[in-house]
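Each chain, letter by letter, is given below.
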Amino acid sequence: MSKMEIIHSLIEDIPVLTVSGKIDAVTSKDLENALAGLIDKNRNFLVIDMEKVEYLSSSGLRVLMASLNKLKKNQGDLLLAALQPFVKEVFSLTGAIRFFSIYPSQKEAITSLQR
Amino acid sequence: MANSLISDSLVLLQAVSVIIVAALLISRSRPFKEVIDGRPTAESQMLLALFFGMVSIYGSIIGISFLGAIISVRDLGPLVGGLACGPVVGLGAGLIGAAFRFSEGGFTAPACSIAAALAGIIGGIIYRRKGRFPGIAFSTAFALLFELFHMLLTLAISRPFDMAMDVVSQASVPMILANGAGMLIFAFIIENVIRERETMRERDRYQMELQIKKAELVVAADIQKSFLPGKIPSPKGFDIAATSIPAKEVGGDFYDFAMQEGILQLVIADVSGKGVPAALFMALSRIIVRACSVPLRSGFERLRCANKMIVDESGSDTSGMFVTLFLGRLNLLDRILVYANAGHNPPLLFRADSKSIEKMDVTGVALGMMAEMEYEQRQVSLAFGDVLLLYTDGIVEAMNKKEDLFGESRLRSALTAAAGLSAQEILDSILRDLAGFTEGMEQSDDITAVVIKVTG
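Residues numbered from 1 in each chain as written. Chains lettered and ligands numbered in written order. Predicted model: local features only at pLDDT ≥ 70, side-chain atom pairs only at ≥ 80, totals over all residues.

All names here are of chain A. Direction vectors running N to C along helix α1 (residues 28-40) and helix α2 (residues 58-73) enclose 10 degrees, while the axes themselves pass 9 Å from each other. Here α1 is positioned roughly parallel relative to α2, judged by the angle of their axes. Only S59, G60, V63, S67, K70 and L71 of α2 make contact with α1, whose side of the interface consists of S28, L31, E32, L35 and I39. For the contact of α1 with α2, the class distribution of residues is 5 nonpolar, 4 polar and 2 charged. (Axes fitted to C-alpha atoms, helices over the stretch in contact; angles between N-to-C directions. Helix = DSSP H or I, 4+ residues; strand = E, 2+ residues; numbered from the N terminus. Parallel < 35°, antiparallel > 145°, perpendicular 65-115°, else oblique. Contact = placed C-beta atoms within 7 Å. Nonpolar A, V, L, I, M, F, W, Y, C, P; charged D, E, K, R; others polar.)

Written as structure tokens, this is what we have:
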């Protein structure tokens, strides 16, 4: 039932994860592994395109928080792009919105990193 | 010539069939399974020796005449008995086979008897050395070599030499091949049974572990239940009901009450995730919030304290774990509720006079996300008939078969519809509406709700 897909790409030498589907207790482990893989390769600035993410549970938010904290320790950042209203609500409700850099689109997230 | 080839082949096929049936029977027998499990009783070893001895006797009797040469598979029984069941069985089967062959007489009797006995003894020694059945390829190669040795032995001790030479030159190739083929069949069947037993043992072990884990979870669930208030307080003028239903055995939701000096402190909280990790974090968070709830401290000070302690003590920085928490302090005399909300689903307040619903918004970040956070405090005055509903996201994020969420608007309707009832009835009614919506879909997150109704 719970399905999520992650597409890896490299845009302007910045790793971008394009996630689609539901990020819940089951699928968040895949996202955690994908992020950990990039962080282990010393990629310190990552972009997640969440345009096609329709649901984010607290387990999913935990994974994003943990990755953000790791990246910030390496002077890096985790940029989120194109949040759907439901997903954005999870960020604003919990207050996590204050810690993430959130952009309207993947393009804008990447542009901000190039500056 | 063609006829004799067919009839001789049929006899050979018959012998092969008997061997297959024998192998299947013995490999499924209790004594053989005891051997595989490494704990054969003396009785089992005796039975196996007897069985393989009979196979050896059969090998002697059948003495297949193949294209003029007599082929015997007498050594096969002791060989298999030794290789698969150890020296005791090998020796027993070998002696039985040897005794029978000796009683038949003939000028090759000494050589053939010695060979039968040695087959069992050497097979048994190999088993002892390897600690187990040595496998299909090894056993088959060993059978071929042993038959070669049998032929040489016949030449060495059977007299007159000319006759021995005659027999050996005719029978050696078919006998070596027949015993090798017989061993191949036996070894294949035995190896299968051994693998099957190993898989079964592994499965049993796995199931045992699973049972232990389940039992541990039951204990954990009992411990966690004891963390929830055993008795819901019933202060004068208020009607209170509460429930918490974890999605798994244990969960990350909790609620808490504490009454002192005319003030009822109420807490509802939801740890990120579910299951055991959430349960551990829940236990820690609950005790920290209690520890921070000293008198004279206001709601927002309590949350600031709890947040700092959780960040410092829980490793939430690495795990990303957090807990959303609503803390309210209700003055039982003037019915003023002071609250602070750390990223928790805003509780709903049904107003009896206007039949409308107010939300008690978030006033700060979920606990554990970042140290040094501030939590604003707000207050609201409750009136007769008002109903306060605290809940966790397991309710609004419950899904039906079409993957629609129950959502806040359905929850509002459920609350409004039931607001005239008692606190427990309101709670039951909301859960009933929820169950009607999800239609038996598996509960995916912990569900917790507290209802407080002003009755006096």
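Before going further, it helps to spend a moment on the interface of chain B and chain A. At the junction of the two partners, chain B supplies 20 residues and chain A supplies 15 residues. Counting residues per element, the side of chain B that touches chain A draws most heavily on helix α11 (residues 316-319) of chain B, at 3 residues. When its residues are assigned to classes, the side of chain B that touches chain A shows 7 nonpolar, 9 polar and 4 charged.

This brings us to the domain arrangement of chain B. Its domain assignment divides chain B into domain 1 (2-204) and domain 2 (228-454). For domain 1 of chain B and domain 2 of chain B, the distance between their C-alpha centres works out to 76 Å. (Domains from an automatic or database assignment.)

Residues and elements named next belong to chain A. Examined against the element boundaries, A96 turns out to sit in the loop between α3 (85-94) and β5 (101-103). Residue classification places A96 among the buried residues on the basis of 25 C-beta atoms within 10 Å. Remark: the alpha-carbon pair of A96 and L64, spanning 32 residues in sequence, is separated by 9.6 Å. (Buried ≥ 20, exposed ≤ 12 C-beta atoms within 10 Å, placed from the backbone.)

Moving on, we come to α2 of chain A. Residues and elements named next belong to chain A. Here α2 is 16 residues long and its end C-alpha atoms lie 22 Å apart, about the 22 Å a rise of 1.5 Å per residue gives. Of all 16 residues in α2, 12 are buried, a share of seventy percent or more. Among the residues making up α2, those that are buried are S58, S59, G60, L61, R62, V63, L64, M65, A66, S67, L68 and L71. (Expected span 1.5 Å × (residues − 1).)

To continue, consider the nonpolar core. Residues and elements named next belong to chain B. Within the largest apolar cluster, 99 residues are counted, with the highest numbers of intra-cluster contacts made by A449 and V451. Among all residues touching A449, those that are not within four sequence positions of it are A242, T243, L389, L390, Y391, I395, L427 and I430. Of all hydrophobic cores here, the second largest spans 57 residues; its members include I19, A49, L91 and I122. (Core = buried A, V, L, I, M, F, W, Y, C linked by C-beta atoms within 7 Å.)

So, on to the pairing of strand β6 (residues 323-331) of chain B. Residue and element names in this part refer to chain B. When you tally the buried positions in β6, you get 8 out of 9 residues, the bulk of the element. In terms of strand pairing, strand β5 (residues 263-271) meets β6 through 9 bridges, oriented antiparallel. By the bridge assignment for β6, V267 is matched with L327. Relative to strand β7 (residues 336-342), β6 is paired through 6 bridges, and the arrangement is antiparallel. From the neighbouring strand, L325 faces β7, where its bridge partner is A342. Taking the residues between adjacent antiparallel strands as the criterion, β6 and β7 are bridged by 4 residues, where R335 takes a positive phi near 60 degrees. (Pairing = 2+ DSSP bridges.)

Attention now goes to the sheet that holds strand β3 (residues 238-245) of chain B. All names here are of chain B. The 5 strands are arranged β3-β12-β11-β8-β9 in an open sheet whose pairing can be described as antiparallel. Looking at which strands have only one partner, the edges of the open sheet turn out to be β3 and β9 (356-359). Pairwise comparison of adjacent strand axes, ignoring direction, gives a mean angle of 15 degrees for this sheet. Across 4 bridges, the pairing between strand β8 (residues 348-351) and β9 is antiparallel. The residue bridging L348 from the neighbouring strand is K359, located in β9. Each of β8, β9 and β11 (387-391) is contacted by helix α13 (residues 407-418), which is oriented at about 40 degrees to β8, the strand it contacts most. Sheet contacts for helix α14 (residues 423-438): β3, β11 and β12 (447-454); angle to β12, the most-contacted strand, approximately 145 degrees.

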